[in-house]
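Descriptive analysis of the structure
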Amino acid sequence: MTEDEKARIEREVEEGACEFMHVHQEIVERVEKVMPGEQQLLDLSEFFKVFGDSTRIKILYVLSQSEMCVCDIATLLQMGQSAISHQLRVLKQMRLVSFRREGKTVFYKLADSHIQTILNQGMEHISE
């Protein structure tokens, strides 16, 4: 194989092109059966978009360590309370955090162990 042919094949592989067109129908049908619906995939996409903001990631990480109020989080992250409140609102809407009221103070925590797992797996992935 010449260098030009190798370079062409490498470009095609990088672009995701098959060297020749051959659909593996049995694989396509098997995967098609388990493929989530369009709305589920859109919901999943929105879910992962929440993790695309570093402030929200910081808040989630902080809450993975301890339940905290807005004042605690703002102090720890050296940010304004309004900025923290705004991001907590987004996290609540996506059901990533929950809260409880104690007198006039509202304490936030991760909504469930799935969020901790996602954070742990993300940290593990970037540490490899």
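First, a word on scope: everything that follows refers to the structure included in this document. From a predicted model like this one, the values you see are computed outputs, not experimental measurements. (Residues numbered from 1 in each chain as written. Predicted model: local features only at pLDDT ≥ 70, side-chain atom pairs only at ≥ 80, totals over all residues. Heavy atoms only, no water.)

Attention now moves to the nonpolar core. Core analysis: the biggest nonpolar cluster contains 23 residues, and Leu60, Leu63, Ile73 and Leu88 have the highest contact counts within it. Listing elements by their share of this core, those giving two or more residues are α3 (38-50), α4 (54-65), α5 (70-77), α6 (81-93), β3 (105-110) and α7 (113-127). Once residues lying within four places of it in the same chain are set aside, the contact partners of leucine 88 are Ile59, Leu63, Val70, Ile73, Val97 and Tyr108. (Core = buried A, V, L, I, M, F, W, Y, C linked by side-chain atoms within 4.5 Å. Buried < 20%, exposed > 50% of the residue type's maximum accessible area, 1.4 Å probe, protein only. Helix = DSSP H or I, 4+ residues; strand = E, 2+ residues; numbered from the N terminus. Contact = heavy atoms within 4.5 Å.)

Within this structure, the stated rule accounts for three salt bridges. Measuring nitrogen to oxygen at the nearest pair gives 2.8 Å for the salt bridge that ties arginine 100 to glutamate 67. Here arginine 100 is found in strand β2 (residues 97-102), whereas its partner glutamate 67 is found in the loop between α4 and β1 (68-69), with 33 residues between them in sequence. Of the charged contacts, one joins arginine 100 and glutamate 102 as a salt bridge, the two residues approaching to 2.8 Å between their closest N and O atoms. Overlapping salt bridges, with partners in common, bring together Glu67, Arg100 and Glu102 in one network. (Salt bridge = Lys/Arg side-chain N within 4 Å of Asp/Glu carboxyl O.)

Turning next to the side chain of threonine 55. Note that threonine 55 resides in helix α4. Not counting residues within four places of it along the chain, the set of residues in contact with threonine 55 comprises Met79 and Gln87.

Let us now look at the state of the cysteines. A covalent bond bridging the sulfur atoms of two cysteines is what the word disulfide describes. Evaluation of the coordinates by the stated rule reveals zero disulfides. Unpaired in terms of disulfides, cysteine 69 finds its nearest cysteine sulfur in cysteine 71, a separation of 4.6 Å. Accessibility expressed as a relative area gives 39% for cysteine 71, which makes it partly exposed. (Disulfide = S-S within 2.5 Å.)

The subject of this paragraph is the pairing of β2. Across six bridges, β2 lies against β3 in antiparallel orientation. The residue of β3 that forms the bridge with valine 97 is leucine 110. Here β2 folds back onto β3, and the loop between the two strands holds two residues, one of which, glycine 103, carries a positive phi near 65°. (Pairing = 2+ DSSP bridges.)

Glancing now at the pairing of β3. Examined bridge by bridge, β1 and β3 share two bridges and lie antiparallel to one another. In the sheet register, cysteine 69 faces β3, and the bridge partner there is phenylalanine 107.

Take serine 64: it is sitting in helix α4. Side-chain polar atoms of serine 64 contact the side chain of glutamine 65, separated by 3.0 Å. In contact with serine 64, not counting residues within four places along its chain, are Leu110, Gln116 and Leu119. (Polar contact = N/O pair within 3.5 Å; in protein donor to acceptor, adjacent residues only side chain to side chain.)

Time to look at the packing of aromatic side chains. A full pass over the atoms with the stated rule returns four aromatic pairs. Where phenylalanine 47 meets phenylalanine 51, the ring centres are 5.3 Å apart and the plane angle is 65°; that geometry is what we call edge-to-face. On the basis of relative accessibility, which here comes to 17%, the residue phenylalanine 47 falls in the buried class. You can call phenylalanine 51 buried: its relative accessible area is 17%. Here the aromatic rings of phenylalanine 99 and tyrosine 108 are separated by 6.1 Å at their centres, their planes lie at 45°, and the arrangement is tilted. According to the relative accessible area criterion, phenylalanine 99 is partly exposed, its value standing at 46%. Classification of tyrosine 108 by relative accessible area gives buried; the value is 9%. One aromatic cluster is present, formed by Phe47, Phe48 and Phe51 through successive ring pairs. A cation over a ring is seen here: lysine 92 above phenylalanine 99, with NZ or CZ 5.0 Å from the ring centre. (Phe/Tyr/Trp six-rings, centres within 6.5 Å; stacked < 30°, edge-to-face > 60°. Lys NZ or Arg CZ within 6 Å of the ring centre and 35° of its normal.)

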